[in-house]
Amino acid sequence: MAVDATQPYDDQNIFAKILRGEIPNQTVYQDDFALAFHDINPQAPTHVLVIPKGAYVSWDDFSAKASDAEIAGFVRAVGKVARDMGLVAPGYRLLANAGTDSHQEVPHLHVHLFAGKPLGPMLVR
Ligand code: 5GP
């Protein structure tokens, strides 16, 4: 079910459980601000999710309430994951769904990182 991006943070969401180590994940990278792991249902040859360690429902919540250090740390982590995976030259796509129309399903901010083939147009009408 799509997430209402204005809802309060639910600490029982699946990514909160992954952050607490209650559910396993295939970690690609982590630091004080971010965790990156492979998507369980990949939509491209490389499909990694990068999530902030803090409790933020969506990009809207994060951009409004996170500290400058959290925002800088998260953005740098996304870039580092792409660089460390060798994706800069071939290219990659970042996507963050926020709210009902976007079809966000997990109510903890996540950036999708897609790569590994020509990705085609951004949206299919
Ligand atoms: P959204 O639609 O919210 O932007 O994307 C949620 C993503 O989380 C989907 O691509 C889905 O495959 C992924 N996902 C959902 N549950 C799990 C899980 O338990 N583990 C992992 N690694 N990915 C998950």
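Remember, it's a predicted structure, so these values are computed and weren't measured experimentally.

A.B. asks: Summarise the environment of Asp10; cite the residues concerned and give the values.
C.D. replies: Among the secondary structure elements, Asp10 is positioned in the segment before α1 (14–19). Taking relative accessible area as the criterion, Asp10 reaches 35% and is therefore assigned partly exposed. Along the primary structure Asp10 and Phe33 are separated by 23 residues, whereas in three dimensions their C-alpha atoms are 19 Å apart.

A.B. asks: An account of the layout of surface pockets is needed here, citing residue identities and associated values.
C.D. replies: Here the largest pocket is characterised by a volume of approximately 860 Å³. Secondary structure elements with two or more residues in the lining of the largest pocket: α1, β2 (34–38), β3 (46–52), β4 (92–95) and β5 (111–115). The dominant element in the lining of the largest pocket, judged by the number of residues it contributes, is α1, at three residues. Its residues placed into classes, the lining of the largest pocket shows 15 nonpolar, 12 polar and three charged.

A.B. asks: Account for the packing of aromatic side chains, naming residues and giving values.
C.D. replies: Under the counting rule described, the total for this entry stands at four aromatic pairs. Centroid distance Trp59 to Phe62: 6.3 Å. Interplanar angle 55°. Geometry classified as tilted. Note that Trp59 and Phe62 are positioned in helix α2 (residues 59–65) at a spacing of three residues, about one turn of the helix. Residue class for Trp59 comes out partly exposed when judged on its relative accessible area of 39%. An aromatic cluster is built from Tyr56, Trp59, Phe62 and Phe74, whose rings are joined through pairwise contacts.

A.B. asks: How would you explain a nonpolar patch on the surface if you had to name every residue and give the values?
C.D. replies: A cluster of nonpolar side chains, contributed by Val88, Tyr92 and Leu94, occupies part of the molecular surface with about 260 Å² of accessible area. Note that Leu94 resides in strand β4. The class for Leu94 is partly exposed, based on a relative accessible area of 44%.

A.B. asks: I'd like a description of the site of the ligand, backed by residues and values.
C.D. replies: Taken together, 17 residues form the shell around the ligand, and within it Asp39, Asn97, Glu105, His110 and His112 come nearest. At 2.5 Å from an oxygen atom of the ligand is found a side-chain nitrogen or oxygen belonging to Asp39. One of the side-chain N or O atoms of His110 is found 2.8 Å from an oxygen atom in the ligand. Isolated, the ligand exposes 530 Å² of accessible area, and the fraction of that covered by the protein chains is 83%.

A.B. asks: Can you break down the UniProt feature "domain: HIT" (unreviewed entry) in the protein residue by residue, with the values?
C.D. replies: As recorded in UniProt, the sites labelled "domain: HIT" (unreviewed entry) are residues 14–124. Helix and strand shares over residues 14–124 are 27% and 23% respectively, and the end C-alpha atoms of the span are 28 Å apart.

A.B. asks: Give me the lowdown on the sheet that holds β5, citing residues and values where you can.
C.D. replies: Taken together, five strands build an open sheet; the order of strands is β1-β2-β3-β5-β4 and the sheet is antiparallel. Every interior strand has two partners, whereas the edge strands, β1 (27–30) and β4, have only one. The average angle at which neighbouring strand axes cross in this sheet is 20°, direction not considered. Two elements, β2 and β3, share five bridges in a ladder whose sense is antiparallel. Paired with Ala34 across the bridge in β3 is Pro52.

Procedures and definitions
Think of each chain on its own: its residues are numbered from 1, step by step along the sequence as written. Reporting of local features is limited, given that this is a predicted model, to residues whose pLDDT is at least 70; pairs of side-chain atoms are given and counted only at 80 or more, and all residues count toward the totals for whole chains, interfaces and linings. Only hydrogens and water are set aside; all other atoms, that is, all heavy atoms of the structure, feed into the side-chain values. We count a stretch as a helix when DSSP gives it H or I for four or more residues in a row; a strand needs E for two or more, and each element gets its number in order from the N terminus. For each residue, the accessible area found with a 1.4 Å probe, counting protein chains only, is set against the maximum for its type, and the residue is called buried under 20%, exposed over 50%, and partly exposed in between. A 1.4 Å probe that fits but cannot get out identifies a cavity on a 1 Å grid over protein atoms alone, an open set with protein on both sides within 12 Å along at least five of seven lines counts as a pocket, and a residue lines either if it has an atom within 4 Å of a point. Grid points are joined across faces, edges and corners, and a volume is the space filled by probe spheres set on the points. Throughout this entry, Asp, Glu, Lys and Arg are counted as charged residues, while Ala, Val, Leu, Ile, Met, Phe, Trp, Tyr, Cys and Pro are counted as nonpolar. The remaining residues, Gly among them, count as polar. Here a Phe, Tyr or Trp ring, Trp counted by its six-membered ring, pairs with any other such ring whose centre lies within 6.5 Å, and the pair is stacked when the planes are under 30 degrees apart, edge-to-face when over 60, and tilted otherwise. Think of a patch as exposed residues, more than 30% relative accessible area, with no salt bridge, where like charges cluster within 9 Å and nonpolar side chains (Val, Leu, Ile, Met, Phe, Trp, Tyr) cluster within 5 Å. For accessible areas, the Shrake-Rupley method is used with a probe of radius 1.4 Å. Any residue's cover is judged against the shown protein chains and nothing else. Definition used for salt bridges: Asp or Glu carboxyl oxygen within 4 Å of a side-chain nitrogen of Lys or Arg. The nearness test applies per residue and asks whether one of its heavy atoms lies within 4 Å of the molecule or strand. Here a polar contact means two N or O atoms within 3.5 Å. Within protein one must be a hydrogen donor candidate and the other an acceptor candidate, and residues neighboring in sequence count only if both atoms are side-chain atoms. UniProt positions are given in the numbering used here, feature names are shortened, and annotations may be inferred rather than shown by experiment. Pairing between two strands is assigned when DSSP locates at least 2 bridges connecting them. Every axis in this analysis is a line fitted to C-alpha atoms, fitted for helices over the stretch in contact. Angles between the N-to-C directions lie between 0 and 180 degrees.

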